[in-house]
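Descriptive analysis of the structure
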Amino acid sequence: MTTKAFIIGHPINHSRSPLIHGTWLAEHGIDGSYEAIDVAPDGLPAFFERLRSGEFAGGNVTIPHKEAVFALCDTVDPLARKIGAVNTLVVRSGKVLGSNTDYLGFLGNLDAAAPGWSDGPDDAMVIGAGGAARAVLVALQRRNGGKVHILNRTLANAQALVGEIEGPFEAHAFDAFASLAPRTGIVINTTSIGMHGTRFDWLDFALLPEHTLVTDIVYVPLVTPLLAEAAAHGFRTVDGLGMLLHQAVPGFEAWFGVRPEVTPALRARIEATLGH
Ligand code: NAP
């Protein structure tokens, strides 16, 4: 019998997940499917009934449902609770288990592209305090030796995050950059700045140590202004596409029973859809 998986969202036509999972299904010769399903918010309870009937092995959840599905899952993984969002569902014996694989995607991407990135004693600098920042903080909590400084446009939002997620975290406004920069081993952009040509006009690369790694979780465009400027200053950079690819690995393994690989060919295939 064909094993079925899905991604639900509203709208859903922009999703690259069907191409990622479709590539892996073909590569491994698995009798399976992965389809994009548009589910409006008021259709979620009925969709969960479909899930409990056993029609699907599981699937992904994207905007705007990542928080709403908490109430509908039978069990939610503690890390997904910490992150405040569910992006992966697995159905087992009629029960729906929710988890979040974005933090694994973030770690998998850096481990593959910049091995040893978390070995040093330096501090980390996370720009942004929104939903994606939460997954990055949970990831850093597992790896980074030093402090994690969260710089946000609205200081109160960074402070609220520090109050919610336990860890070596400190909240700052953007103007703290100059004093924190000399101890920074990694800069991570988790805001939407970088899309549509937007950039950080306050970020002075000259203040960062030369070994600092600069990474962005925005992947449209693939080379954001932050990454382009960092590379022009001679810093190592890692783009955000790998995070999207690596977050898909645990779901595929849970539904189809094979751990897939993020290969250069897969990356090239998805990159070709980014329109640049
Ligand atoms: P979000 O919750 O809306 O995050 C908003 C954050 O961005 C807040 O910290 C906000 O600051 C800041 N921000 C927004 N506009 C700003 C501006 N003009 N100037 C300065 N700061 C600004 O969004 P999100 O869900 O965290 O997603 C953020 C980005 O990550 C999106 O582009 C998304 O596509 C990307 N993402 C990528 C992956 C991946 O797999 N690579 C995964 C998840 C998300 P305030 O608090 O001051 O409002």
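A brief structural summary.

1. Thoughts on the environment of Arg-16
As for its position among the elements, Arg-16 is in the loop between β1 (3-9) and α1 (17-27). The spatial distance from the C-alpha of Arg-16 to the C-alpha of Ala-36 is 9.4 Å, given a sequence separation of 20 residues. Apart from residues no more than four positions distant in its own chain, Arg-16 is found in contact with Tyr-219, Val-220, Leu-244, Ile-270, Thr-273 and Leu-274. In this structure the side chain of Arg-16 is engaged in a polar contact, spanning 3.0 Å, whose partner is the side chain of Thr-273.

2. What about the site of the ligand?
The immediate surroundings of the ligand are formed by 20 residues, with Ala-129, Ala-132, Asn-152, Thr-154 and Asn-157 found nearest. Ala-129 places a polar main-chain atom, nitrogen or oxygen, 2.8 Å from an oxygen atom of the ligand. The separation between an oxygen atom of the ligand and a polar main-chain atom of Gly-131 is 3.0 Å. Alone, the ligand offers 950 Å² of accessible surface; in the complex the protein occludes 69% of this. Mapped onto the shell around the ligand, the elements with two or more residues apiece are α5 (131-143), β11 (193-196) and α9 (241-256). The residue makeup of the shell around the ligand, split by class, is nine nonpolar, ten polar and one charged.

3. Things to note about the packing of α1 against α9
How two helices pack is summed up by the angle between their axes together with the distance between the axes. Contact geometry for α1 and α9: axes closest at 10 Å, N-to-C directions at 50°. When the axes of α1 and α9 are compared, the pair comes out oblique. The way α1 lies across α9 gives a crossing that is right-handed. For the pair α1 and α9, contact is made by Ile-20, His-21, Trp-24 and Leu-25 and by Leu-244, Leu-245, Ala-248, Val-249, Phe-252, Trp-255 and Phe-256, respectively. Here the contact of α1 with α9 is composed, by residue class, of ten nonpolar, one polar and no charged.

4. Observations regarding the pattern of salt bridges
Tallied over the entire structure, the rule returns 13 salt bridges. The partner of Asp-74 in a salt bridge is Arg-52, with the nearest N and O atoms 3.3 Å apart. Taken together, the residues span a long stretch of sequence, with Asp-74 in the loop between β3 (58-61) and β4 (75-76) and Arg-52 in helix α2 (residues 44-52) at a distance of 22 residues. The class of Arg-52 is partly exposed, set by a relative accessible area of 25%. One salt bridge connects Arg-267 with Glu-271, and the closest N-O pair in it is separated by 3.6 Å. Placement of both Arg-267 and Glu-271 in helix α10 (residues 264-271) is noted, with a separation of four residues, approximately one turn of the helix. Residue class for Arg-267 comes out partly exposed when judged on its relative accessible area of 23%. Under the relative-accessibility criterion, Glu-271 is labelled partly exposed at 26%. A single salt-bridge network, built from bridges that share partners, covers Lys-4, Arg-50 and Glu-55.

The rules behind these values
Residues numbered from 1 in each chain as written. Predicted model: local features only at pLDDT ≥ 70, side-chain atom pairs only at ≥ 80, totals over all residues. Heavy atoms only, no water. Helix = DSSP H or I, 4+ residues; strand = E, 2+ residues; numbered from the N terminus. Contact = heavy atoms within 4.5 Å. Polar contact = N/O pair within 3.5 Å; in protein donor to acceptor, adjacent residues only side chain to side chain. Near = heavy atom within 4 Å. Areas by Shrake-Rupley, 256 points an atom, 1.4 Å probe, with all protein chains shown as cover. Nonpolar A, V, L, I, M, F, W, Y, C, P; charged D, E, K, R; others polar. Axes fitted to C-alpha atoms, helices over the stretch in contact; angles between N-to-C directions. Parallel < 35°, antiparallel > 145°, perpendicular 65-115°, else oblique. Left-handed = near helix turned anticlockwise from the far one by under 90°. Salt bridge = Lys/Arg side-chain N within 4 Å of Asp/Glu carboxyl O. Buried < 20%, exposed > 50% of the residue type's maximum accessible area, 1.4 Å probe, protein only.

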